[in-house]
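# Tertiary structure, described
Below are the chains, spelled out letter by letter.
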Amino acid sequence: MNDAAINGSCLCGSVTFAVTPPFSAFRYCHCSRCRKASGSAHAANLVLPRTQFEWRTGEASVKRFDLPGSERFSLWTCTHCGGRVPHEMRTTENVLVPAGLLDEDPGIRPRHCNFWDSKAPWYVEPQQMEIFSEYPT
Ligand SMILES: [Zn+2]
Ligand SMILES: [Zn+2]
């Protein structure tokens, strides 16, 4: 790894990793599995080759879950905080990095929304919402 590496970590900081750009993809995914796995409206997934990914600390604390009956869906978490961590994709030699785990700006922005037709019925664009810098005043 070199100076261009971007650091990331789980919620509690036990699991840390570094990724080296360029990324292969950066997309939001609205599929039902990503909504379940994230508990949110959509996932924000970065993808890059495994050779550009490195665990830094806590790899032994990673719980690996491959969704039964699914060809490719995996959800790896930190056993301490239960938070999501990156996972090796089963169908390609890539790693999927939930973008919210990054502690630095990856330098690229999402370009695609996948599974738009599967989005939650309650999803609305942020531009349609009242925006607060922190909690509502
Ligand atoms: Zn953790
Ligand atoms: Zn998805």
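Parameters and conventions
Residue indices follow the written sequence of each chain, beginning from 1 at its first position. Here every chain gets a letter starting at A, and every ligand a number starting at 1, in the order they are written. For this predicted model, a pLDDT threshold of at least 70 governs which residues receive local features, and a threshold of 80 or more governs which side-chain atom pairs are given and counted, while totals over whole chains, interfaces and linings are taken from all residues. Helix numbers and strand numbers start at the N terminus; a helix is a DSSP run of H or I with at least 4 residues, a strand a run of E with at least 2. Radius of gyration here is computed from C-alpha atoms only, and the compact-globule reference equals 2.2 Å multiplied by the residue count raised to the power 0.38. Throughout, a residue-residue contact means that the two C-beta atoms, derived from backbone geometry, are no farther apart than 7 Å. Think of it this way: DSSP has to see at least two bridges between two strands before they count as a pair. Here an axis means a line fitted to C-alpha atoms, over the contact stretch when the element is a helix, while the angle between two N-to-C directions is reported on a 0 to 180 degree scale. Residue burial here comes from a neighbour count, namely the number of other C-beta atoms, placed from the backbone, that lie within 10 Å of the residue's own C-beta, with 20 or more meaning buried, 12 or fewer meaning exposed, and in between meaning partly exposed.

## A short note on the overall build of the protein chain
Scanning the protein chain from N- to C-terminus turns up 1 helix and 11 strands. Shown N-terminal to C-terminal, the secondary structure of the protein chain runs as helices and strands in the order β-β-β-α-β-β-β-β-β-β-β-β. Taken against the 2.2 N^0.38 rule, which gives 14 Å for 137 residues, the C-alpha radius of gyration of the protein chain at 15 Å falls within 12% of a compact globule. Overall size of the protein chain, expressed as C-alpha extent along the three principal axes, is 40 × 40 × 30 Å. Sequence separation of 24 or more characterises 59% of the internal contacts of the protein chain that already satisfy a separation of 6 or more.

## Considering the sheet that holds strand β8 (residues 84-85)
Backbone hydrogen bonds are what pair the strands of a sheet, in a parallel or an antiparallel way. A sheet is described by the order of its strands in space; here 3 strands give the open sequence β6-β7-β8, paired in antiparallel fashion. Two strands bound the open sheet, and with one partner strand each, they are β6 (62-66) and β8. Relative to β8, strand β7 (residues 74-78) runs antiparallel, the two sharing 2 bridges. The partner of Trp 76 across the bridge, within β8, is Val 85.

## A few points about the sheet that holds strand β5 (residues 53-57)
The 3 strands are arranged β1-β2-β5 in an open sheet whose pairing can be described as antiparallel. Looking at the sheet topology across the chains shown, the edges are occupied by β1 (6-9) and β5. Each strand of the sheet is rotated relative to its neighbour by a mean of 30°, with strand direction disregarded.

## Structural notes on unusual backbone geometry
With an omega of 10°, the peptide bond between Pro 21 and Pro 22 qualifies as cis. Looking at the secondary structure, you find Pro 22 in the loop between β2 (16-19) and β3 (25-29). One non-glycine residue, Phe 115, lies in the positive phi region at around 50°. The topology assignment puts Phe 115 in the segment after β11 (112-114).

## Regarding the pairing of β6
Counted residue by residue, β6 has 0 buried out of 5 residues, so it is predominantly exposed. The pairing of β6 with β7 spans 5 bridges and is classified as antiparallel. The partner of Asp 66 across the bridge, within β7, is Ser 74.

## Quick notes on the environment of Tyr 28
Inspection of the secondary structure puts Tyr 28 in strand β3. For Tyr 28, a count of 19 C-beta atoms within 10 Å translates into the label partly exposed. Here the alpha-carbon distance between Tyr 28 and His 42, two residues 14 residues apart in the chain, equals 6.2 Å. Not counting chain neighbours up to four residues away, the residues in contact with Tyr 28 comprise His 42, Ala 43, Ala 44, Pro 110, Cys 113 and Asn 114.

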